[in-house]
Amino acid sequence: MELSDIKAKIAVVGLGNAGLPLAAVIADRGIAVLGVDINDERCRLINQGTNPIPEEEGLEELIIRHGGKSFIATPRFEDARDCSSFIVIVPLFVDQSNNPDFSIMDKALLSLGRILKKGDLVVLETTFPPGTTSGRVKKLLCECSGLGEGEFFLAYSPERIMTGYSISRLREFPKVIGGTDEESGLAAYQLYRQFISNLHLVSSASVAEMIKVMEGCYRDVNIALANELYKICQDLGIDFFEAREKACHQFCHIHLPSTGVGGHCIPVYPWFLIKEMEKREMFDKCRLLHTSRILNDEMIQYWAERILLECMKINKPLCEIKICIKGITFRAGVREFYHSRNLALARLLYDKGLDVYVADPLLNNDEVAARGFESIKPEEADLVFDPFQLNFESGKAL
Ligand SMILES: NC(=O)C1=CN([C@@H]2O[C@H](COP(=O)(O)OP(=O)(O)OC[C@H]3O[C@@H](n4cnc5c(N)ncnc54)[C@H](O)[C@@H]3O)[C@@H](O)[C@H]2O)C=CC1
Ligand SMILES: CC(=O)N[C@@H]1[C@@H](OP(=O)(O)OP(=O)(O)OC[C@H]2O[C@@H](n3ccc(=O)[nH]c3=O)[C@H](O)[C@@H]2O)O[C@H](C(=O)O)[C@@H](O)[C@@H]1O
């Protein structure tokens, strides 16, 4: 199907780990959708029915079925001029000082603003500091489209997918949506009801933004709690996992300890609120969020010490001990390195002068080398640490 043939009324801007499954699920509801992504290669793959995210369960069949047919991808915003609804889900990272970096989002909104028409609907899905949609986004879209406030609909709906389970999450998980005004909320709700079955309208875009950030903060704080309880159990000689299993019930969910919190999301979202409070010089109002961030990021120091203690049990000079880290992605099964604490741990050990290698089932030798490490088979190492299982496996010397 040629671009000119598609009469898509919905455009999804940003066809990444979050946007691509969403566009595919929309197409699978029989709705023509135009994907806009500046990554030419990704658009080409989608249009030929090739899935660019192989680890995404269930996505491949949707891309084969709809890619290049009712779901066409283009790198040109101009091609979306005839669409009337735009869903935007491009990344929002934090900079070195943990302040939100809107540079990617601003570029996407500037491009969208040039084609935005009176009566169009824009729904943001990127996780934002609360107040962003009704503030920065609305201002930018008005400026670059020349439209006045109220001449287009504007809403926010947080994405709750989880890479690896996106399709099922989109089909089953509750999704919230809220407008920058009542009409926008209703317009967005009417649109999303066509492809999201478990949908809840909330009173505003800011409430919808806060819901998402709350979830992320809940997770980061509870992971910090799990890490702290794990360390205490270790010192008390108590099996944390046995205790956790019996401690968990409907009123108590102890998360899992780890080398820390990685990914695009959980390590980023608390900073949205911390920085907001710091701007107001209300530092005391975000102590728990801030402390949790520090505790989670410091877990690599804890695990580096544990690894050094294990090395002391090996009858070899420290500098000759080959240490294998069995995974450097931010979580098991996902080829994503953003803020990966497993990669940070490997780098910390290397900076301490240890002989560190990597064995990651998701990565080939070149991909490991691109991150500065040599690959090794676990059985060739003297000490193997699995950051996902948090255990030490027997290497050749053990
Ligand atoms: N990945 C996830 O599990 C979840 C992500 N989110 C939110 O979604 C945001 C995006 O996440 P991902 O999809 O994982 O990122 P990603 O990096 O996988 O994909 C982003 C896509 O946007 C495209 N892009 C960048 N600038 C663009 C522009 N100006 N115009 C058009 N396309 C552009 C990129 O080429 C890329 O394909 C995150 O920052 C987060 O706020 C929310 C929940 C889950
Ligand atoms: C509240 C929640 O479950 N959020 C999910 C999360 O997905 P994400 O891909 O970041 O995976 P994640 O399981 O939260 O892992 C993030 C990091 O936290 C670590 N982690 C996770 C759970 C846990 O008990 N202990 C722990 O240490 C992981 O190892 C990883 O390094 O963030 C996504 C997001 O908001 O982008 C969100 O859509 C997902 O549903």
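Residues numbered from 1 in each chain as written. Chains lettered and ligands numbered in written order. Predicted model: local features only at pLDDT ≥ 70, side-chain atom pairs only at ≥ 80, totals over all residues. Heavy atoms only, no water.

Some points on the overall build of the protein
When helices and strands are tallied, the protein shows 14 helices and 15 strands. Computed over the C-alpha atoms, the radius of gyration of the protein is 23 Å, within 12% of the 21 Å expected from 2.2 N^0.38 for a compact globule of 398 residues. A principal-axis box enclosing the C-alpha atoms of the protein has dimensions of 75 × 50 × 40 Å. In the protein, which comprises 398 residues, the share counted as buried stands at 51%. Taking all contacts inside the protein whose residues are at least 6 apart in sequence as the whole, residues at least 24 apart take part in 71%. (Helix = DSSP H or I, 4+ residues; strand = E, 2+ residues; numbered from the N terminus. Rg over C-alpha atoms; globule rule 2.2 N^0.38 Å. Buried < 20%, exposed > 50% of the residue type's maximum accessible area, 1.4 Å probe, protein only. Contact = heavy atoms within 4.5 Å.)

Brief notes about helix H11 (residues 287–297)
Within the span of H11, buried status applies to Leu 289, Ser 292, Arg 293 and Asn 296. One side of H11 carries all its buried residues, which in axial view fall inside an arc of 100°. On its buried face, H11 is in contact with helix H8 (205–236), helix H10 (269–279) and helix H12 (299–312). (Arc of directions from axis to C-beta.)

Side note on the site of ligand 2
Surveying the vicinity of ligand 2 reveals 19 residues, the closest of which are Ile 161, Lys 212, Arg 219, Ser 258 and Cys 265. At a separation of 2.7 Å, an oxygen atom of ligand 2 approaches a polar side-chain atom of Arg 169. When ligand 2 sits alone it has 750 Å² of accessible area, and the protein chains cover 86% of it. Here the shell around ligand 2 gets 3 residues from one element, more than from any other, and that element is H8. (Near = heavy atom within 4 Å. Polar contact = N/O pair within 3.5 Å; in protein donor to acceptor, adjacent residues only side chain to side chain. Areas by Shrake-Rupley, 256 points an atom, 1.4 Å probe, with all protein chains shown as cover.)

Re the packing of aromatic side chains
What the rule picks out here adds up to 14 aromatic pairs. Centre to centre, the rings of Phe 240 and Phe 241 are 5.2 Å apart; their planes meet at 90°, and the pair counts as edge-to-face. Classification of Phe 240 by relative accessible area gives buried; the value is 4%. For Phe 241, a relative accessible area of 37% corresponds to the partly exposed category. When the ring of Phe 385 is compared with that of Phe 392, the centres are 5.1 Å apart and the planes differ by 40°; the resulting orientation is tilted. Three or more aromatic residues joined by ring pairs form one cluster here, namely Tyr 230, Phe 240, Phe 241, Tyr 302, Trp 303, Phe 385 and Phe 392. For the cation-ring pair, Arg 169 lies above Phe 173, with the distance from its terminal atom to the ring centre recorded as 4.4 Å. The positively charged end of Arg 371 is found above the aromatic ring belonging to Phe 337, 3.8 Å away from the centroid. (Phe/Tyr/Trp six-rings, centres within 6.5 Å; stacked < 30°, edge-to-face > 60°. Lys NZ or Arg CZ within 6 Å of the ring centre and 35° of its normal.)

Some details on the site of ligand 1
Within the structure, ligand 1 sits among 25 residues, and Gly 16, Asn 17, Ala 18, Asp 37 and Thr 127 are positioned closest to it. Asn 17 is positioned with one of its backbone polar atoms (N or O) 3.0 Å from an oxygen atom of ligand 1. A distance of 2.9 Å is found between an oxygen atom of ligand 1 and a backbone nitrogen or oxygen belonging to Thr 127. Coverage of ligand 1 by the protein amounts to 88% of the 830 Å² it exposes when considered alone. A class-by-class count of the residues in the shell around ligand 1 yields 14 nonpolar, 8 polar and 3 charged. (Nonpolar A, V, L, I, M, F, W, Y, C, P; charged D, E, K, R; others polar.)

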